[in-house]
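# Fold and geometry: a report
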Amino acid sequence: MEALRARADPPRLDGWTLHLAAEAPFDVDPADHDPDKRTARDAGDGIDRSVLSLSSPLGIEMLPPDEAAPLLTAWHRGGLALEAQYEAQYAVWAAPSLPEPDTAELGRLLDRGCVGLQVPANAMATPHGLERLAGLLEVCQDRGKPVLVHPGPARAVAGRVPQWWVPVVDYVGQLHGAWWAWHQAGRALLPTLRICFAAAGGLAPVHHERLVARGGRFGRVDPDVFVDTSSYGPRGVDAVVRVLGIDAVVLGSDRPYAAPTDPALGEAATYAIRCVNPHRLLEGDTP
């Protein structure tokens, strides 16, 4: 927060008002980010470990490296300190600088305790974009660490739109691009990488019927590709499960914007989404 307040240009904080390049100013409630209160909320939802991600819509990963450096340093230092303070109730995704990807730095972050790498969806929204990230993704593959794909900064929209527009339209479109880029080129580039798409991949998996109708090929369900449930409830999760099966789904949350939900698919499904599948995503097939 201090590093964001020190900036003159977006992304920046002015007091508790967040300014981004392509979204309306947003008034942050500091109570939403109080670690003790967040821990209590998680406990109330039956969650005993949360993996925290940098808010990629801020666009920090895409800033010039000299601008990104103090923000990324603060994120990793603060997140790893939080993990130590709260006795592993928290873990952290590493966040890269994308204009000049540094594979050695990613390796150091993984050595320090980051569980894997998070990348903005719009950085891999085409097969070419995915190929540009291959070096970073290979570091995770070689170390048996997972990757999380999360919506990145929004594009500027002409005219006035409601506040929900960017999360519902832009973020979902980014996730669709990333999902289909992975479908086209990901597994050939990275044969053993475990990867998870936030927000159910924007429900991109549900469009596999359209893929086939337009001449594409669905193939088999990939056991190392996951989606999380953030922003979606019973209908969205059920639709994805019908395509990918229950083994692909892990619990996700958009706190503080949306709490984690129970998709009401039964006790066995709940256990898979909350326990078995997250373990496979984070740790592979280790017991």
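A brief look at the structure comes next. (Residues numbered from 1 in each chain as written. Predicted model: local features only at pLDDT ≥ 70, side-chain atom pairs only at ≥ 80, totals over all residues. Heavy atoms only, no water.)

### Some points on the sheet that holds strand E2 (residues 17-19)
As a general point, the strands of a sheet are linked pairwise by backbone hydrogen bonds and lie either parallel or antiparallel. The three strands are arranged E1-E2-E3 in an open sheet whose pairing can be described as antiparallel. Unpaired on one side and paired on the other, strand E1 (12-14) and strand E3 (26-27) mark the two borders of the sheet. (Pairing = 2+ DSSP bridges. Helix = DSSP H or I, 4+ residues; strand = E, 2+ residues; numbered from the N terminus.)

### A closer look at the nonpolar core
Counting 42 residues, the largest nonpolar core has Met124, Leu137, Val149, Trp182 and Phe197 as the members making the most contacts within it. Counting residues per element, the ones that place at least two in this core are helix H4 (103-112), strand E6 (116-120), helix H6 (134-143), strand E7 (147-150), helix H7 (165-189), strand E8 (195-197), strand E9 (225-228) and helix H9 (234-244). A per-element tally of this core places H7 first, with five residues. When near neighbours in sequence (up to four residues on either side) are disregarded, Phe197 contacts Met124, Val149, Ala178, Trp179, Trp182, Val225, Phe226, Val227 and Asp228. Among the nonpolar cores identified, the runner-up in size contains 19 residues, and Leu13, Leu58, Leu72 and Val92 belong to it. (Core = buried A, V, L, I, M, F, W, Y, C linked by side-chain atoms within 4.5 Å. Buried < 20%, exposed > 50% of the residue type's maximum accessible area, 1.4 Å probe, protein only. Contact = heavy atoms within 4.5 Å.)

### What to know about unusual backbone geometry
A cis amide bond, omega 0°, links Pro10 with the succeeding residue Pro11. When you line up the elements, Pro11 lands in the loop between helix H1 (2-5) and E1. Across the junction of Arg255 and Pro256, the peptide omega takes the value 5°, indicating a cis bond. For Pro256, the position within the fold is in the loop between strand E10 (249-250) and helix H10 (267-283). Even without a glycine there, the phi angle at Glu87 is positive, about 50°. For Glu87, the position within the fold is in the loop between helix H3 (65-85) and strand E5 (90-94). Exposure remark for Glu87: the relative accessible area of 70% places this residue in the exposed category. The phi dihedral of Ala264 falls on the positive side, at around 55°, and the residue is not glycine.

### A word on the side chain of Arg38
Take Arg38: it is sitting in helix H2 (residues 35-44). If sequence neighbours within four positions are ignored, Arg38 has contacts with Asp32, His33, Tyr90 and Arg255.

### Some thoughts on the pairing of E9
The two faces of E9 match: Val225 and Val227 on one face and Phe226 and Asp228 on the other face are all buried. Bridging between E8 and E9 involves three bridges; their strand directions are parallel. Bridged to Cys196 within E9 is Phe226. A crossover links E8 with its parallel partner E9, the connecting element being helix H8 (residues 208-213), and its sense is right-handed. Each parallel crossover has a hand, and for E9 linked through H9 to E10 it is right-handed. (Right-handed = clockwise from strand over helix to strand, strands pointing away.)

### So, the packing of H4 against H6
Where H4 meets H6, the closest approach of the two axes is 9 Å, and the angle between their N-to-C directions is 35°. By crossing handedness, the relation of H4 to H6 is classed as right-handed. Residues Thr103, Leu106, Gly107, Leu110 and Asp111 of H4 form the contact with H6, whose participating residues are Gly135, Leu136, Val139, Cys140 and Arg143. In terms of residue class, the contact of H4 with H6 is made up of five nonpolar, three polar and two charged. (Axes fitted to C-alpha atoms, helices over the stretch in contact; angles between N-to-C directions. Left-handed = near helix turned anticlockwise from the far one by under 90°. Nonpolar A, V, L, I, M, F, W, Y, C, P; charged D, E, K, R; others polar.)

### Thoughts on the side chain of Arg7
Along the polypeptide, Arg7 turns up in the loop between H1 and E1. Only 3.2 Å separates the side chain of Arg7 from the backbone oxygen of Asp9, close enough to count as a polar contact. Once you skip the residues sitting within four places of it in the chain, Arg7 turns out to touch Arg12, Leu63, Glu67 and Leu71. (Polar contact = N/O pair within 3.5 Å; in protein donor to acceptor, adjacent residues only side chain to side chain.)

### Comments concerning the pattern of salt bridges
Counted according to the given criterion, the structure contains eight salt bridges. Ionic pairing is found between Asp42 and Arg255, a salt bridge with its closest N-O pair at 3.3 Å. One end of the pair, Asp42, is in helix H2; the other, Arg255, is in the loop between E10 and H10, with 213 residues separating them in the sequence. The pair Asp42 / Arg255 is uniform in exposure class, with both members buried. Residue Glu105 pairs with Arg108 through a salt bridge whose shortest N-O separation is 3.1 Å. Of the two residues, Glu105 and Arg108 both sit in helix H4, three residues apart, roughly one turn of that helix. One network of salt bridges, with partners in common, ties together Asp42, Asp45 and Arg255. (Salt bridge = Lys/Arg side-chain N within 4 Å of Asp/Glu carboxyl O.)

All we've got here are geometric facts, nothing functional implied.
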